[in-house]
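Next come the chains, spelled out residue by residue.
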Amino acid sequence: MSVANRPTRRTTSRSASLYAALPVRPSRRTAPRRSGRLPRLGAALAVLLGAAVGCAPQDDTGSAKSSAAPPAAACAKGHLATGTAGKLTVGTDKPAYAPWFQDDDPANGKGFESAVAYAVADRLGYARSDVIWQTVPFNSAVAPGKKKFDFDLNQVSVSDERRRAVDFSSGYYDVRQAVIALKDSPAAKATTVDALKHVKLGAQVGTTSLDVVNSVIRPAQQPAVFQKNDYAKTALKNGQVDAIVVDLPTAFYITSAEVQEAKIVGQFAASGGRAEQFGLVLDKGSGLTGCVSGAVDSLRKDGTLARLEKTWLSEAVDAPVLK
């Protein structure tokens, strides 16, 4: 998202009403037909191929909980039971914001999440030409119901609440939330959470950013809730809100490239002993969940995720912690 927290960023809270002053733009969805089925393979060959993709259970490194490892045959490299046989359909929202994507083009391999998607596809045995990108609004990705993608990545934070509607892979990114304010705003001088309680705050609907506003800051006045981070940024520029909450990499991008008259006020400390993580979203009960988690685990274990993070998120290095 021009970096969007969908973030960082996200929970399925529906309690707040949408900020009416800003219109909601529909997103397009172009879904391929679901037709593929796993071919029948000889047992010995399936075991060998399944082992190659690395669908072992996730090691205990603080990552989000993954599903139990599936039978080896289910992870036969390049032959998963995907929606379209021989293809891997990946969903994300539009616009696709930096630094997660570049040039609003998920298919170009640029940006952290685009690179992660192709790395996961490679571990599962799919070439770049076998990956089909599909536009999926954030709220649709995490809502109950049958999905038209094999997995979706859109800065979606793993939560127990969301797990009731969808499956998640192991976490591919550890994230914190941050506050952005215009440099001449009273909110820009805040150094503590309490100092933010009496300013007008905003965040994207259904995100962990909005959760932080409601459960950590607990502002005296109702926060403004936006359908997209684009609308939140516009409200910040126009002075309709004093500050907005987004994930930290998004905050760095917004303040450096999009709203240069704004600054990062600070970030929130991790809470609860378990890091907030983004995970790949899959259909509830998907037969692909264990295989996809195994691919993510292998990318974390061999350092690929760390290298991709350094390449695409290196500027999001630090910000003062609000206490």
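Since the model is a prediction, treat every value here as computed from it, not as a measurement. (Residues numbered from 1 in each chain as written. Predicted model: local features only at pLDDT ≥ 70, side-chain atom pairs only at ≥ 80, totals over all residues. Heavy atoms only, no water.)

Enquirer: Can you tell me about the overall build of the chain, naming the residues and giving the values?
Expert: Broken down by element type, the chain carries nine helices and 11 strands. Every one of the 323 residues in the chain was classed for burial, and the buried ones make up 57%. The long-range share in the chain, meaning contacts at least 24 apart out of those at least 6 apart in sequence, stands at 78%. Roughly 13700 Å² of accessible area belongs to the chain as shown, and the carbon and sulfur atoms make up 52% of that amount. (Helix = DSSP H or I, 4+ residues; strand = E, 2+ residues; numbered from the N terminus. Buried < 20%, exposed > 50% of the residue type's maximum accessible area, 1.4 Å probe, protein only. Contact = heavy atoms within 4.5 Å. Areas by Shrake-Rupley, 256 points an atom, 1.4 Å probe, with all protein chains shown as cover.)

Enquirer: Pulling in residues and values, what's your account of the nonpolar core?
Expert: Grouped together as the largest cluster of nonpolar side chains are 36 residues, with contacts concentrated most on Val120, Leu124, Phe151, Leu153 and Tyr172. Going through the elements one at a time, strand S1 (88-92), helix H2 (112-123), strand S2 (131-135), strand S4 (167-175), strand S10 (276-282), helix H8 (289-301) and helix H9 (304-313) are the ones with two or more residues in this core. Excluding residues that lie within four positions of it along the chain, Tyr172 makes contacts with Phe112, Glu113, Val116, Leu153, Asn154, Gln155, Phe278, Gly279, Leu280, Val296, Arg300 and Leu305. Judged by nonpolar contacts, the second largest core, of 21 residues, contains Val179, Ala187, Ala188 and Val205. (Core = buried A, V, L, I, M, F, W, Y, C linked by side-chain atoms within 4.5 Å.)

Enquirer: Please set out the pairing of strand S6 (residues 201-204) residue by residue, giving values where relevant.
Expert: On S6, burial covers both faces: Leu201 and Ala203 on one face and Gly202 and Gln204 on the other are all buried. Sheet topology places S6 next to strand S8 (residues 243-247); two bridges connect them, and they run parallel. Across the sheet, Gly202 pairs through a bridge with Ile244, a residue of S8. As paired strands, S6 and strand S7 (residues 224-226) are joined by three bridges and run parallel to one another. Bridge pairing in S7 places Gly202 opposite Ala224. With helix H5 (residues 208-217) bridging S6 and the parallel S7, this β-α-β connection has right-handed handedness. (Pairing = 2+ DSSP bridges. Right-handed = clockwise from strand over helix to strand, strands pointing away.)

Enquirer: Can you break down the sheet that holds strand S5 (residues 177-182) residue by residue, with the values?
Expert: Sheet architecture is open: six strands sit in the order S7-S6-S8-S5-S9-S11, paired in mixed fashion. With one partner strand each, in any of the chains shown, S7 and strand S11 (321-322) form the two edges of the open sheet. With five bridges joining them, S5 and S8 adopt antiparallel strand pairing. When the bridges of S8 are listed, Ala181 appears paired with Ala243. Along the sheet, helix H6 (residues 229-237) makes contact with S5, S6, S7, S8 and strand S9 (262-268), crossing S8 at roughly 150°. Each of S5, S8 and S9 is contacted by helix H7 (residues 248-258), which is oriented at about 125° to S8, the strand it contacts most. (Axes fitted to C-alpha atoms, helices over the stretch in contact; angles between N-to-C directions.)

Enquirer: Go over the packing of aromatic side chains with me, naming the residues and quoting the values.
Expert: One pass over the full model with this rule turns up nine aromatic pairs. Their ring planes at 70° and their centres at 5.5 Å tell us that Trp100 and Phe278 sit as a pair that is edge-to-face. Highlighted residues: Trp100 in the loop between S1 and H2 and Phe278 in strand S10, separated in sequence by 178 residues. Exposure remark for Phe278: the relative accessible area of 0% places this residue in the buried category. (Phe/Tyr/Trp six-rings, centres within 6.5 Å; stacked < 30°, edge-to-face > 60°.)

Enquirer: Before we move on, can you summarise H5 with the specific residues and values?
Expert: Most of H5 sits out of view: seven of its 10 residues are buried. Looking only at H5, the buried set comprises Thr208, Ser209, Leu210, Asp211, Val212, Val213 and Ile217. For H5, the secondary structure elements touched by its buried residues are S5, S6, S7, S8, S9 and S10. Two residues or fewer after H5 comes Arg218, characterised by a positive phi angle close to 55°.

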